[in-house]
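# Summary of the model geometry
What follows is each chain in one-letter form.
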Amino acid sequence: MQGPSHTEETAPVTERVLQTGTTNDPRPGPSSAATLDSRVVAADQDASRDAAVLAAGGIDKSYRRNLWSPRSRVRVLTGAEITLKQGEVVGLVGENGSGKSTLMRILVGDLRADTGTVTRSGKVGYCPQEPLVYPRLTCDEHFELFGRAYSMAPEQERKSRASIYDSLGFERFAATRADQLSGGTLAKLNLGLALLPDPALLLLDEPYAGFDWDTYLKFWTLVDERRAAGRTVLIVSHFVVDEARFDRIVEIREGRTWAR
Ligand SMILES: Nc1ncnc2c1ncn2[C@@H]1O[C@H](COP(=O)(O)OP(=O)(O)OP(=O)(O)O)[C@@H](O)[C@H]1O
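Bear in mind that the values here come from a model prediction, so they are computed numbers and not experimental data.

## A look at the pattern of salt bridges
Pairing is possible between side chains of opposite charge, provided their charged atoms come close. Across all of its chains, the model carries 15 salt bridges by this definition. For the salt bridge of E155 with R158, the shortest nitrogen-to-oxygen distance reads 3.4 Å. Taken as a pair, E155 and R158 lie in helix α4 (residues 154-168) at a separation of three residues, close to a single helical turn. Assessed through its relative accessible area of 51%, E155 is described here as exposed. Judged by relative accessible area, which is 45%, R158 ranks as partly exposed. Across the salt bridge formed by R260 and E251, the nearest N and O atoms sit 3.5 Å from each other. Here the salt bridges do not stand alone but share partners, grouping D140, E144, E157 and R161 into one network.

Encoded structure:
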């Protein structure tokens, strides 16, 4: 299996027409063919003027309403923008269907926007809302595969994997195939794969659906550790109780992003 061409780790990448596949994430899914095949079209080596890990602006996205009337479209995002700085933990909130997953997929490069720009620097880890895994591979095999896609040295991958098993408490499932995992353990694997390369930016789309209380608390300890280490985390959340845990909150409403 071949991952997409790897985004330069330190040089910022600006995508004018957004393309997929900048995370080296080899997981399968509805968009996996695009993820594996596509490339970043335009890189702006001069973009690191501030400490933003990610900057997106003027993002418009509409979907076709149905197959029969291609001109009829639902406008989901109209001029959305977001900037994420080093060491921030930011919540992305909004009503069901407001466009949180759509924006996150655009930010990570998994979905093409109609217009707008996204500039990222450093490695990005992405945890999609629906766990995207290979049913017949074990947890260990997933980590090995993703480690290669992230160009990690085997020793570095094993160390990171051990730490993820330990933090989220699922080492006993290391040799279990993904199609035999419980929903909660699958969610841990999904999150663990995003964490594996210790990315500068972690984009998490409702990562703790299915976590038990203990794992939910471990998750927030892990996020706090990432903040302390200067890593950036963007989390789609529906829980009011989470609000105090974020440094700031961005809300999507009527297709636009609002500070809250
Ligand atoms: N592939 C698609 N084709 C057509 N419409 C889509 C597609 N994906 C999403 N939508 C529509 O776009 C809108 C935004 O969806 P999105 O999943 O981004 O919202 P969300 O805020 O993440 O929702 P939720 O809180 O329920 O997870 C919804 O009306 C949804 O039905």
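## As for the packing of helix α3 (residues 139-149) against helix α5 (residues 183-195)
Two elements in contact, α3 and α5, have axes separated by 10 Å at closest approach and are oriented at 20°. With respect to each other, α3 and α5 are oriented roughly parallel. Once α3 is placed against α5, the crossing between them reads as right-handed. Residues C139, H142, F143 and F146 of α3 form the contact with α5, whose participating residues are L189, G192 and L193.

Conventions adopted
- Residues numbered from 1 in each chain as written.
- Predicted model: local features only at pLDDT ≥ 70, side-chain atom pairs only at ≥ 80, totals over all residues.
- Heavy atoms only, no water.
- Salt bridge = Lys/Arg side-chain N within 4 Å of Asp/Glu carboxyl O.
- Helix = DSSP H or I, 4+ residues; strand = E, 2+ residues; numbered from the N terminus.
- Buried < 20%, exposed > 50% of the residue type's maximum accessible area, 1.4 Å probe, protein only.
- Axes fitted to C-alpha atoms, helices over the stretch in contact; angles between N-to-C directions.
- Parallel < 35°, antiparallel > 145°, perpendicular 65-115°, else oblique.
- Left-handed = near helix turned anticlockwise from the far one by under 90°.
- Contact = heavy atoms within 4.5 Å.

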